[in-house]
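# Summary of the model geometry
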Amino acid sequence: MLSRLIGLLWIGRRWVRRVLPALLILPAAMCAQPSIVIGNATADLTGPWRFHTGDDSGWAQPDFDDSAWSTMDLTPPRGSRDPYIGNSGFVPGWTARGYAGYSGFAWYRLRVNLRDPVGSGLALKMPSDVDDAYQVYANGRFIGEFGRFSGERVTNYIAQPRAFTLPSDVGSGPLTIAVRMWMDAHTPVIESAAGGLHGPPVLGQTSAVMAMQRLDWDAVNRSASTGFPAAAILLLAMAVAFSLFALDRSEHAYLWLGADCIVILLMISIEEMVFYTTWIAAMPAVFLRDVILFPLQMALWIFFWACWFRLDGRARLRRAVWPVVAMVALGTALERAPLYGWLVPVHALVWLSPCVLALKLLLGALLLWITYRGIRKNRAEGLLALPAVALIAVAQYQYELQLFHAPIVFFVFGYTETVNQIATALSLGIVTVLLLRRFVHSQRVREQWRLEIEQARQVQQVLIPEEVPSVPGFALESEYRPSQQVGGDFFQIVPGADGSILAIIGDVSGKGLRAAMLVSLIMGAVRTLARFTRDPVEVLRGVNERLCGHLKNQFATCLALHIAVDGKTTIANSGHLPPLLNGRELDLAGSIPLGIVEGAPIEQCTLQLEPGDRLILLTDGIVEAQNKQRELFGFARLGELARRDCSSVEIAAAAQEFGQEDDITVLRIQRIGTGAQPAARALEKNEPLAGILE
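Throughout what follows, the structure given in this document is the object of discussion. Bear in mind that the values here come from a model prediction, so they are computed numbers and not experimental data.

### Considerations on the pairing of strand β22 (residues 568–574)
Here β22 lies mainly inside the structure; six of its seven residues are buried. Looking at chain direction, strand β21 (residues 556–563) and β22 are connected through five bridges and run antiparallel. Along β22, the bridge assignment pairs H562 with T570. Joining the antiparallel neighbours β21 and β22 is a turn of four residues, in which G567 adopts a positive phi near 95°. Two strands pair when backbone bridges link them, and β22 and strand β25 (residues 603–608) are joined in this way by six bridges, in the antiparallel orientation. Within the sheet, the bridge partner assigned to T570 lies in β25 and is T606.

What follows is the structure, given as C-alpha cells:
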C-alpha cells in the first residue's frame, strides 16, 4: 500500500513538472504574434488584422500600439466568389462588416514572426480586388502603392495584381505590415460589400510570390480579354458600315451604325485600358463610359433604327431624344464621383437613382416605339430586325436585369462573358447581315434604275436631234448639254416643204427620269401637231391640252416660232425666256407655262427677219449658271456673247465653264442673204428696235 502511494506521488510530480509550466505560459502564448515558417513556400496573411478608420502616418510604425483597434479577419468564406470576375475567395469589405457608409482612409495592421526564410528575399502580393487605392509599409518602411497619393488627394485605378519586395534586411524575426487604404465615396454605389481588402495578402519568397502574381494576371486575362473579340467584331461592323456608306451615300443608316460602333469601341477600349494599364484613372474612366459614351450609344441606336426603317419625323425625333440623353448624362454624373458625396449627398440616391432609371427606360421605350412603327411600315424587314433590337435592349439594360435576379455574368471555359458582350456581338452580327442584304437589294434597284435611265436617254436622243436639218437660206446651230444623264430641256426644228422653219425650245420642271419622260411626251406631241399646223400658237395650245390634267406638280415652259421664206417670223411664248435678236432681248408679253391651266391664252408677236439677222433661243440653264462664289452668269454676260456673234457651242461652253447648275440648250438661227440689214445697223448705231416688233 505504501509502495503504491509512493508511485502515485512520483507520477504526479512528473505530471506537475511537465504540465504546470505550459499552463503558466498559456496566457502569454495567446497574446503572442503568429509565427510563419516561410521556407520555399508562401503564406496567406488572413490575420486577424487590426483595423481602424481614419488616417495617421504614425500608424505605419511597428511600435505603434494597435491593441484598441477592431479586428478584421480576411479568411475567405467557404464557396465565396467574386460576383463580377468569378474569382474564388471574395472577402466582403468593411461596409458589410460594421462600417456601412464609410469612405475615405482606413488602416490595416498585422504583426507576424518570420521563421526560417530561405532564398534571396521576400515579397508581399496584395489581393487583386481592393477598394480603391493603398500604400504598403513593412516595419515602418514604405515598399509600394497602387494609386497616386498626394496628401489628402488620391487618384485611384481599377484594381490590378500587384506584388512588392520587402527590404533585404527583413528575415527571421518580427514583421509589422501596415496597409493604408483609401476608398472613393462612389464605390459603395457599385458594390454593396465594398471597402478595403477583399482577400488576404500573400507573403513568401520573391520567386513564389511573382509566380502567384502571374496567376492573378491570368485570372484578369480570363475576365478582361473577352473584350478583344468584341472589339474585333465592332471593327468588322464599322468597316462594313462605312464602306457601304461610301458606296451608297443616300443610305444614312450606314453612317449612324458606324458612329455607334465607334462609341462602343471607345467604351471597350477604356475598359481594357483600366484593366491592363494605369493610363487612365478610375474616375475619368467611369465618367467617360457611364456619363458620356453610354447615353450617346443609346441615342445613336435610336437614330440608326429610325433611319433604317425610313420613318418620317426623324428631325423631330432627334429634337426629342437629345434632351432626354442630356438628362440621363446629368443624372448619371450626379451618381458618380466626384459629384456624388461632395455636391450630392449620399441619401440623395433614394430619389436620384429612380429618376435616372426612368429616363433610361424612356429611351428604351422610344426604341421599342420605333421598332413598332418599322414593323407596321414594312412587316418583313421589321420582323427580321426585331431580334437585333431585342438584343440591343438587353445589352443596354444589363444592370437593370439584376433587379429581376437575372444572371448577367457567365463563365465559358474559364472566361468571363457578360450579357452586354454577348448581346452586343449577336446584335451586330445580325445588323451586319441586314446591312449587306439591304445593300445588295439597293444595288439591284440601282441597276434597274440605271437601265431605265439609259433607255430614257436613248429615247431622248432619238427625240432630240443631234444634228439640225439643213434649210436653204438659213444657218442653223444647236448645242444641248444636260446636267444629268437625261435632261429636262428639249428643242425641235421642223423644216417645211415651202422652205420655212418651225422651231420649238422649252424646259420642263424637275430633273432626272421624271423630267425625261415629260420631255418625251412633249416632243411626241410636237411632232404630231407639226403635221397638221405650222402656227406656233396652235402647236403650243395642242401641247397644253395634252399636258393639263395628266401632270402632278410639273409644268413646262416653251417657245415656238415660225420663220417664213421671206423672213416673216411669228413667235408664241408660254413662260419661256424670250429670244435674243442680234444680241438684244426681245420684249415679249408674259404667259402661263404649259400644263397648268387648260385653255390658257398664248400671246404671239411677229417680226421681220432680214438677211444677216440672227436669233438666239436658249433655256434658263445659261443665265442661271453659278460660279463658286454663287454669282450668276446672268443676262449681261449672255448679251455680250451674243453681240460678239458667238456660236451656240461657244455660248454653251462659256456657261458650263462658269458653273453649270441646270440643263443648257442654245439654238442659233441666222437668215442668210446680201440685202440690207436694218436691225443689225440699228444695233451698231445703238438705236432702239422700234418697228421690228409688230
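### A short note on a nonpolar patch on the surface
A cluster of nonpolar side chains, contributed by F410, V412, F413, Y415, I422 and L426, occupies part of the molecular surface with about 590 Å² of accessible area. As for its position among the elements, L426 is in helix α10 (residues 419–463).

### Section: the sheet that holds strand β23 (residues 580–581)
Read across the sheet, five strands follow the order β18-β27-β26-β23-β24 without closing on themselves; strand pairing throughout is antiparallel. Both edges of this open sheet fall to β18 (474–481) and β24 (584–585), since each of them pairs with a single strand only. For β23 and β24, the ladder comprises two bridges, and the chain directions are antiparallel. Directly across from L580, in β24, lies its bridge partner E585.

### Quick look at the sheet that holds strand β6 (residues 122–126)
Across the sheet, four strands lie side by side as β2-β15-β6-β12; this open sheet has antiparallel pairing. Bordering the open sheet on either side are β2 (42–44) and β12 (162–165), each of which pairs with just one other strand. Adjacent strand axes in the sheet meet at a mean angle of 20° when their direction is disregarded. Note that β6 and strand β15 (residues 202–205) share four bridges and pair antiparallel. Pairing of A123 across the sheet is with G204, part of β15. The strands that helix α3 (residues 206–224) touches are β2, β6, β12 and β15; relative to β15, the one it contacts most, it runs at about 130°.

### Details of the packing of helix α6 (residues 282–308) against helix α8 (residues 349–377)
Remark: α6 packs on α8, axes separated minimally by 9 Å, with the N-to-C direction vectors making an angle of 15°. One element, α6, and the other, α8, form an angle in the roughly parallel class. Relative to α8, α6 is oriented so that their crossing is left-handed. Listed contacts from α8 to F294, M298, W301, I302, W305 and A306 of α6 are K360, L363, L366, L367 and I370. Split by residue class, the contact of α6 with α8 holds ten nonpolar, no polar and one charged.

### Focus on α6
End to end, α6 covers 36 Å across 27 residues, agreeing with the expected 39 Å (1.5 Å per residue, within 8%). Most pronounced at L293, the bend in α6 amounts to some 40°, and the proline P295 follows within four residues.

### Points about the side chain of T371
When you line up the elements, T371 lands in helix α8. Residue classification places T371 among the buried residues on the basis of a relative accessible area of 3%. With sequence-adjacent residues up to four places away left out, T371 is seen in contact with F309, L386 and V389.

### As for the nonpolar core
One finds W305 and L363 to be the most contacted residues of the largest nonpolar core, which totals 57 residues. Among the secondary structure elements, those contributing two or more residues to this core are α4 (227–247), α5 (253–276), α6, α7 (314–335), α8, α9 (379–396) and α10. With near-sequence residues (within four places) excluded, W305 lies in contact with L367, I370, A385, A388, V389, I392 and V431. Residues W94, L122, Y134 and L166 belong to the second largest nonpolar core, which totals 35 residues.

### Points about the environment of L352
Tracing the sequence through the fold places L352 in helix α8. Distance from L352 to E335, taken between C-alpha atoms, is 7.6 Å for residues 17 residues apart in sequence. Other than its neighbours up to four places away in sequence, L352 contacts G331, L334, E335 and V344.

### Concerning unusual backbone geometry
In this model, G47 is joined to P48 through a cis peptide bond whose omega is 15°. Structurally, the position occupied by P48 is in the loop between β2 and β3 (49–53). The linkage connecting D131 with the following residue, D132, adopts the cis geometry, with an omega of -5°. By the element assignment, D132 lies in the loop between β7 (130–131) and β8 (133–138). Of note, the phi angle at R310 is positive, near 55°, even though the residue is not glycine. Of note, D645 is a non-glycine position whose phi angle comes to about 60°, a positive value.

### So, the pattern of salt bridges
Per the stated rule, a full pass over the model turns up 18 salt bridges. D66 is paired through a salt bridge with R111; the nearest N and O atoms lie 3.0 Å apart. Taken together, the positions of D66 in the loop between β3 and β4 (70–72) and R111 in strand β5 (residues 104–117) put the pair 45 residues apart, joining distant regions of the chain. The partner of R541 in a salt bridge is E538, with the nearest N and O atoms 3.2 Å apart. Remark: E538 and R541 occur in helix α12 (residues 536–547); sequence separation between them is three residues, near one turn of the helix. For R541, a relative accessible area of 39% corresponds to the partly exposed category. Since its relative accessible area comes to 36%, E538 is described here as partly exposed. Among the charged side chains, a salt-bridge network with shared partners connects E251, R310, E381 and R438.

Definitions and cut-offs
- Residues numbered from 1 in each chain as written.
- Predicted model: local features only at pLDDT ≥ 70, side-chain atom pairs only at ≥ 80, totals over all residues.
- Heavy atoms only, no water.
- Buried < 20%, exposed > 50% of the residue type's maximum accessible area, 1.4 Å probe, protein only.
- Helix = DSSP H or I, 4+ residues; strand = E, 2+ residues; numbered from the N terminus.
- Pairing = 2+ DSSP bridges.
- Patch = residues over 30% accessible without salt bridge, like charges linked within 9 Å, V, L, I, M, F, W, Y side chains within 5 Å.
- Areas by Shrake-Rupley, 256 points an atom, 1.4 Å probe, with all protein chains shown as cover.
- Salt bridge = Lys/Arg side-chain N within 4 Å of Asp/Glu carboxyl O.
- Axes fitted to C-alpha atoms, helices over the stretch in contact; angles between N-to-C directions.
- Contact = heavy atoms within 4.5 Å.
- Parallel < 35°, antiparallel > 145°, perpendicular 65-115°, else oblique.
- Left-handed = near helix turned anticlockwise from the far one by under 90°.
- Nonpolar A, V, L, I, M, F, W, Y, C, P; charged D, E, K, R; others polar.
- Expected span 1.5 Å × (residues − 1).
- Bend = angle between axes of the 7 residues up to and from the residue.
- Core = buried A, V, L, I, M, F, W, Y, C linked by side-chain atoms within 4.5 Å.

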